[in-house]
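Listed here are the chains, written in short residue letters.
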Amino acid sequence: MLEKKFVVEKATDASLKITALGLYYAELNGHRVGDAFLTPGFTSYRKMLQVQEYEVKLKAGENVIAVSVNDGWYCGRFPFEWGNRSYGDRCAVYAELNYEDKKIVTDENWIARESFIRKSGIYDGETQDFTAECKTLTPCEVSFDASVLVPQICEPVRNIERVSVKEIIRTPQGELVYDFGQNLTGVVEIKTPEDFRGTLTIQFAEILVHGNFYTANLRSAKATDSFTVNGARTLCPEFTFHGFRYMKLEGVELPKENVTAIVRHTDMKHTGRIYTSDTRFNRLLENVVWGQRGNFVDIPSDCPQRDERLGWTGDINVFCRTAAFNYDIRAIMNKWLADARSDQSETGEMPFVVPNVLSDFGTEAIWADSIAMVPWTLYEMYGDVRYLTDNFFAIKKFIAAREKHMVNGLIAKGHEFGDWLALDKEMFTEENPVGRTDVYFIANVLHTNVLRIAMQIAKLVGDEPSEKEFRIKQTQLIKKIQQAYFTASGRLALDTVTAQVLALYFRIVPAAHREQLAKTLNENVVRHGYRVVTGFIGTPYLLFALSDNGYHDTACRVLSNREFPGWLYEVDMGATTVWERWNSLLPDGTPNPDGMNSYNHYAYGSVMEFVYRRIAGIEAREAGFRKVRIEPKPCAGLDMVKAEYESVYGKIAAGYERQGEKVIFWTEIPKEVESEIVLPNGKIKSLQGGEYSFVFKDVKSR
Ligand code: BGC
């Protein structure tokens, strides 16, 4: 803790600009400054460090400013079990308090002392000791590189919601466990009673196995907070967060009322909601939303619980549109993309994770493609062309890097993550869980999409030579893929669901063979019993490829299938967030023995986009939803589906409801939005702003 005392003649307003290498929180005269947590946030610190600014009030007489700082992402144990001091080896604080015409800045006159926070880590949790002697550590050394400072870019992490204990459990092994009923990300606040003296420890877990507290899936993350106190106190860790549903308590027994979970994440505005007539299906959608909340802790991450919690590029790429429907993610994604650009290699390769705390770079389909696909998705969702202009240079560099892996015009070498975690098992091993689909087929197909995006950006910014270049490249690549992966008669030579899905979705299949491929895909899915065998790459497009090619009923059956593997299987197994793997929990309730089981991974939650766009039928016809097409497509088994989306032009809502013999299509459109609705009889009607409903005889699902 760094501290400075100073005297002010009369009470006055002041502004505090502050940042740290590590994580900090500030107090003025014993009161916390602001309501942000995990500040200054997680960025690629050597290139960009955010500064927070707070309005504060100074009192007449002596004032004390105290800033506590800890390792955090900057110099803590991060990432994985081996990571340490990713960005530096010492914490530091820079603070500047401005009032009247005076300025107080961190310098060698500040006093440094130990804090009651004895140690803290993102993965391992926090140790607080209110009985410890907090020794003075002065003198302070003054050195701080101010060249990378930028103002705060996105909403900070805040305490968003309090969740009370649902049940106290004594496990078969005798552990005292508190169940919050929801897998969430945040911390737990504990109130100790007056007569408590000593140390209490809390540890976190996502699941119980055979009724017992289970932490093996956290790998090396200790996820443990401990507090030493004398008497009554309200305790809460400061510089860590956990992903958990269950908490184990040792050292004391407390009633429910003394234990509360605090959900902490980036404070984004909630912009989208879907309601349906099916409680199981609603639970799935809630799981997706909770997954988003738990994985938007200052960066879009893969998971919030184990020794990982990294900004994996592929995960946010597939989840981005769902995320943008659910919450206003403009600011957090602006920040993330700024880091993505600055962490890109000189020669255009992308880091696996952003901020890049691994030293890996590559050009992998979906993962590295995120430099083009994420900005494009954000442009389509928000209509802000800056997502394109800001990233165009990086996209061009990436395309050049990708071409280095081409042989005769096709990507044919280099590392790929492939259809990660797909269950069409033949190639499936623990080291190489990539599913069965040819990784370079995937790479080439996805690259046509990157080229299409580049071409469209070039067109939008009026860069004709680039537009032409990318158009030619895209056409040539599609031709090459057709030559290499389709038989002379036009049949796709690969037989996996993912290959068929991608060929349809990204329009690789020659037009004359489209119908046949769609039929083959449908048969393939039916043969798999409507179960999901696709991985991170096939899954986000699976239902679109079916529905948009005449097999909407099949898409709905896959979505509502309760057997393993599938979305509702997880719900039936008690999931309250979306899992990393379809088989993270086996039907007998035990974790997949291959390991790497996160119970809060949003990638497969990307299915929610399909519900907004196809089932409820809210589809943008122009970037930012300036023009929309409303086309609800009822699903068998879902009698009512209603979606609302707060677009930049106002609230757009749509859906349907079956009532006995009839089905009602319903929509609400803001004034400025030009829209049309496609009715079950195929008629298209233009609509002005307002609320509409149309009644038809039951169309069942189409
Ligand atoms: C992460 C992922 C990520 C993947 C890439 C995993 O460890 O949790 O979600 O995309 O690695 O291979």
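What you see is a predicted model, and the numbers here were worked out from it, not measured in a lab.

Draft legend 1. Region of the structure containing the overall build of the chain. Looking only at helices and strands, the chain has 14 helices and 37 strands in total. In terms of overall size, the chain behaves like a compact globule, its C-alpha atoms giving a radius of gyration of 27 Å where 702 residues would be expected to give roughly 27 Å. With the C-alpha coordinates of the chain rotated into their principal frame, the extents come out at 80 × 60 × 55 Å. Taking all 702 residues of the chain together, the buried fraction comes to 61%. Across the chain, every contact between residues at least 6 apart in sequence was considered, and the portion connecting residues at least 24 apart equals 71%. Accessible surface for the chain amounts to roughly 26800 Å². Of this, 48% is attributable to carbon and sulfur atoms.

Draft legend 2. View of the site of the ligand. Surveying the vicinity of the ligand reveals the residues Asp302, Arg306, Glu308, Trp312, Asp315, Trp367, Phe417, Trp420, Phe536, Glu580 and His601. Residue His601 places a side-chain N or O atom 2.9 Å away from an oxygen atom belonging to the ligand.

Draft legend 3. Structural context of the pattern of salt bridges. Here the structure, examined in full by the defined rule, presents 49 salt bridges. Between Asp267 and Arg158 there is a salt bridge, with its nearest N and O atoms 2.8 Å apart. With Asp267 in the loop between β22 (259–266) and β23 (272–276) and Arg158 in strand β13 (residues 157–164), the pair connects residues that are 109 residues apart, well separated along the chain. What makes Asp267 partly exposed here is its relative accessible area of 28%.

Draft legend 4. The sheet that holds strand β2 (residues 12–21), seen in detail. Strand order in the open sheet formed by five strands is β8-β7-β2-β5-β12, and the pairing between neighbours is mixed. Here the strands that pair on one side only, and so sit at the sheet edges, are β8 (102–105) and β12 (149–151). In this sheet, neighbouring strand axes are inclined to one another by 30° on average, regardless of whether the strands run parallel or antiparallel. Here strand β5 (residues 49–58) runs beside β12; their pairing, made up of three bridges, is parallel. Counted as the bridge partner of Leu49 is Leu149 from β12.

Draft legend 5. Summary view of the sheet that holds strand β30 (residues 618–620). With mixed pairing, four strands are arranged side by side in an open sheet as β30-β31-β35-β36. The outermost strands of the open sheet, each flanked by one partner alone, are β30 and β36 (684–687). When strand polarity is set aside, the average angle formed by the axes of neighbouring strands in this sheet is 25°. Sheet topology note: the strand β35 (residues 674–678)/β36 ladder contains four bridges and is antiparallel. If you follow Ile677 over to β36, its bridge partner there is Lys685.

Draft legend 6. Structural detail: the side chain of Glu619. By secondary structure assignment, the location of Glu619 is in strand β30. In this structure the side chain of Glu619 is engaged in a polar contact, spanning 2.7 Å, whose partner is the side chain of Arg613. Within the structure, Glu619 has its side chain in polar contact with the side chain of Arg614 (distance 3.3 Å). Dropping the residues within four chain positions of it, Glu619 is found in contact with Arg613, Arg614, Phe625, Lys627, Val628 and Arg629.

Draft legend 7. Looking closely at a nonpolar patch on the surface. Among the surface-exposed residues, Val385, Leu460 and Val461 lie close enough to one another that they form a single nonpolar patch of about 210 Å² accessible area. Relative to the elements of secondary structure, Val461 occurs in the loop between α7 (439–460) and α8 (464–485).

Draft legend 8. Inspection of the side chain of Asn391 at higher detail. Relative to the helices and strands, Asn391 resides in helix α6 (residues 386–403). Residue contacts for Asn391: discarding those within four places in its chain leaves Leu337, Arg341, Ile371 and Pro375.

Draft legend 9. The packing of aromatic side chains, seen in detail. Tallied over the full model, the rule gives 43 aromatic pairs. Summarising the aromatic geometry, the rings of Phe204 and Phe244 are spaced 4.6 Å apart at their centres and angled 55° between planes, so their arrangement reads as tilted. Of this pair, Phe204 sits in strand β16 (residues 197–205) while Phe244 sits in strand β21 (residues 242–250), and the two are 40 residues apart along the sequence. Accessibility expressed as a relative area gives 0% for Phe204, which makes it buried. When the centroid spacing of 5.8 Å and the interplanar angle of 80° are considered together, the rings of Trp312 and Phe417 count as edge-to-face. Within this pair, whereas Trp312 is found in the loop between β25 (299–300) and α3 (313–326), its partner Phe417 is found in the loop between β29 (410–411) and α7, the two being separated by 105 residues in sequence. Of the two residues examined, Trp312 and Phe417, each falls in the buried class. An aromatic cluster is present here, built from Trp312, Phe352, Trp367, Phe417, Trp420, Phe536, Trp567, Trp582 and Tyr604 joined pairwise through their rings.

Draft legend 10. Broad picture of the state of the cysteines. Counted by the stated rule, this structure contains one disulfide. Here Cys75 is not disulfide-linked; the sulfur of Cys91 is the nearest cysteine sulfur, at 3.8 Å. The structure places no disulfide on Cys140, whose sulfur is separated from the nearest cysteine sulfur, that of Cys91, by 13 Å.

Draft legend 11. View of the packing of α3 against helix α14 (residues 607–615). Where α3 meets α14, the axes come as close as 8 Å, and the angle between the chain directions of the two elements is 60°. Classed by the angle they form, the pair α3 and α14 counts as oblique. Of the two elements, α3 crosses α14, and the hand of that crossing is left-handed. Along its contact with α3, which presents Arg321, Thr322, Phe325 and Asn326, the element α14 presents Met608, Glu609, Tyr612 and Arg613.

Draft legend 12. Quick peek at the environment of Leu559. Relative to the assigned elements, Leu559 resides in helix α12 (residues 552–560). Since its relative accessible area comes to 1%, Leu559 is described here as buried. With 27 residues separating them along the chain, Leu559 and Val532 place their C-alpha atoms 8.8 Å apart. Residues within four places of Leu559 in sequence aside, it is in contact with Phe281, Leu284, Leu543, Trp567, Leu568, Val607, Phe610, Val611 and Ile615.

Draft legend 13. Structural context of the packing of helix α2 (residues 279–294) against α3. Where α2 meets α3, the closest approach of the two axes is 11 Å, and the angle between their N-to-C directions is 95°. As summarised for this structure, α2 and α3 are arranged roughly perpendicular, according to the angle between their axes. Where α2 approaches α3, its residues Val288, Val289 and Gln292 are matched on the opposing element by Phe319, Thr322, Ala323 and Asn326. Within the contact of α2 with α3, the residues separate by chemical class into four nonpolar, three polar and no charged.

Draft legend 14. A look at the nonpolar core. If you look at the biggest cluster of nonpolar residues, it comprises 194 residues, and the most contacted ones within it are Val188, Met247, Phe296, Ile329, Leu559 and Trp567. It is α7 that contributes the most residues to this core, 12 residues altogether.

Each value, and the rule that gives it
- Residues numbered from 1 in each chain as written.
- Predicted model: local features only at pLDDT ≥ 70, side-chain atom pairs only at ≥ 80, totals over all residues.
- Heavy atoms only, no water.
- Helix = DSSP H or I, 4+ residues; strand = E, 2+ residues; numbered from the N terminus.
- Rg over C-alpha atoms; globule rule 2.2 N^0.38 Å.
- Buried < 20%, exposed > 50% of the residue type's maximum accessible area, 1.4 Å probe, protein only.
- Contact = heavy atoms within 4.5 Å.
- Areas by Shrake-Rupley, 256 points an atom, 1.4 Å probe, with all protein chains shown as cover.
- Near = heavy atom within 4 Å.
- Polar contact = N/O pair within 3.5 Å; in protein donor to acceptor, adjacent residues only side chain to side chain.
- Salt bridge = Lys/Arg side-chain N within 4 Å of Asp/Glu carboxyl O.
- Pairing = 2+ DSSP bridges.
- Axes fitted to C-alpha atoms, helices over the stretch in contact; angles between N-to-C directions.
- Patch = residues over 30% accessible without salt bridge, like charges linked within 9 Å, V, L, I, M, F, W, Y side chains within 5 Å.
- Phe/Tyr/Trp six-rings, centres within 6.5 Å; stacked < 30°, edge-to-face > 60°.
- Disulfide = S-S within 2.5 Å.
- Parallel < 35°, antiparallel > 145°, perpendicular 65-115°, else oblique.
- Left-handed = near helix turned anticlockwise from the far one by under 90°.
- Nonpolar A, V, L, I, M, F, W, Y, C, P; charged D, E, K, R; others polar.
- Core = buried A, V, L, I, M, F, W, Y, C linked by side-chain atoms within 4.5 Å.

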